[in-house]
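Results of the structural survey
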Amino acid sequence: LVQLPMTVHELGYDVFHNCINLKSIELPESLTTISGNAFRGTGLQSITIPANVTNVELRAFRFCEDLTEVIFTGSMPYIADSAFDGVTATVYYPGEDTSWEHAIGNHYGGNLTWVPVFDYVDEGTCGDNLTWHLRQDGTLIIKGSGAMDDYGANSAPWSGYKSQIVDVQMDG
């Protein structure tokens, strides 16, 4: 495992190019740019892209044949069209962040499968076609259509979280 110091803001062009034995790296939260060919041809298997990254440049992960998992933790950065050239991976992104909407279906040169990750405290059903999700920020989201089940004062499925709920959103 390679760990970079918190003072690193940019990974330069070709910095780890063809480091075939590089299997794992921990990127610092201070990182904002992954330059072209930075990880080209490495043995990376999984990588977590910190929330502050705003640029993933040309061929940054080109030919990383072992890379099967990419985890983005923040809003969508600029991602160059060929950033993942030759990569087949599952890409996880914050599902509540609407900045990712136009990324879905774009392969950025590789074969990428996009999977949203929701940061829920709990979730369940509250009607025949209704679900509820409680996010960590205290937002209760009710999704779907149809009639909600009847609940008494303390029997709603989210009643154990009453003191945490600060907002309710209906999405349907």
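Computed from a predicted model, the values in this text were never measured in an experiment. (Residues numbered from 1 in each chain as written. Predicted model: local features only at pLDDT ≥ 70, side-chain atom pairs only at ≥ 80, totals over all residues. Heavy atoms only, no water.)

Tallied over the full model, the rule gives two salt bridges. Between R135 and D137 there is a salt bridge, with the nearest N and O atoms lying 2.9 Å from each other. (Salt bridge = Lys/Arg side-chain N within 4 Å of Asp/Glu carboxyl O.)

Note that F39 resides in the loop between strand 4 (33-34) and strand 5 (46-49). A sequence separation of 122 residues divides F39 from Y161, and the C-alpha atoms of the two residues are 44 Å apart. For F39, the contacting residues outside a window of four places in its chain are L11, F16, L22, I25, L27, I34, L44, I47, A60, F61 and C64. (Helix = DSSP H or I, 4+ residues; strand = E, 2+ residues; numbered from the N terminus. Contact = heavy atoms within 4.5 Å.)

Looking at the secondary structure, you find P50 in the loop between strand 5 and strand 6 (55-56). Between the C-alpha atom of P50 and that of L31, which follows or precedes it by 19 residues, the distance is 7.0 Å. Dropping the residues within four chain positions of it, P50 is found in contact with L27, P28, E29 and T73.

Looking now at the packing of aromatic side chains. Taken as a whole and judged by the stated rule, the model has 11 aromatic pairs. Relative to W114, the ring of Y108 lies with its centre 6.1 Å away and its plane at 70°, an arrangement referred to as edge-to-face. There is no split in this pair, since Y108 and W114 are both buried. An angle of 65° between the planes, with centres 6.0 Å apart, marks the rings of Y151 and W158 as edge-to-face. The class of Y151 is partly exposed, set by a relative accessible area of 30%. A residue is classified by how much of its surface remains accessible, and W158, at 12% relative accessible area, is buried. Ring pairing ties together the aromatic residues F72, Y93, W100, Y108 and W114, which thus form one cluster. (Phe/Tyr/Trp six-rings, centres within 6.5 Å; stacked < 30°, edge-to-face > 60°. Buried < 20%, exposed > 50% of the residue type's maximum accessible area, 1.4 Å probe, protein only.)

Time to look at the sheet that holds strand 2 (residues 10-11). Overall, parallel pairing links the four strands, which are arranged 2-4-6-8 in an open sheet. Only two strands of the sheet have a single partner each, and these edge strands are strand 2 and strand 8 (78-79). Where strand 6 meets strand 8, two bridges bridge the pair, whose relative direction is parallel. Counterpart to V56 in the pairing with strand 8 is I79. (Pairing = 2+ DSSP bridges.)

Another point: unusual backbone geometry. For residues that are not glycine, phi is negative in most cases, and the peptide bond is trans in most cases. One non-glycine residue, N37, adopts positive backbone phi at about 60°. You can see N37 is positioned in the loop between strand 4 and strand 5. With a phi close to 50°, Y108 is a non-glycine residue in the positive phi region. Its location among the elements puts Y108 in the loop between strand 9 (88-94) and strand 10 (111-117).

A relative accessible area of 3% places N37 in the buried class. Every residue in contact with N37, bar those within four places of it in the chain, is listed here: Y13, D14, H17, L58, R59 and A60.

In this structure, strand 11 (residues 120-127) lies alongside strand 12 (residues 130-135), joined through six bridges in antiparallel fashion. The partner of G124 across the bridge, within strand 12, is W132. Count of turn residues in the strand 11/strand 12 antiparallel hairpin: two residues.

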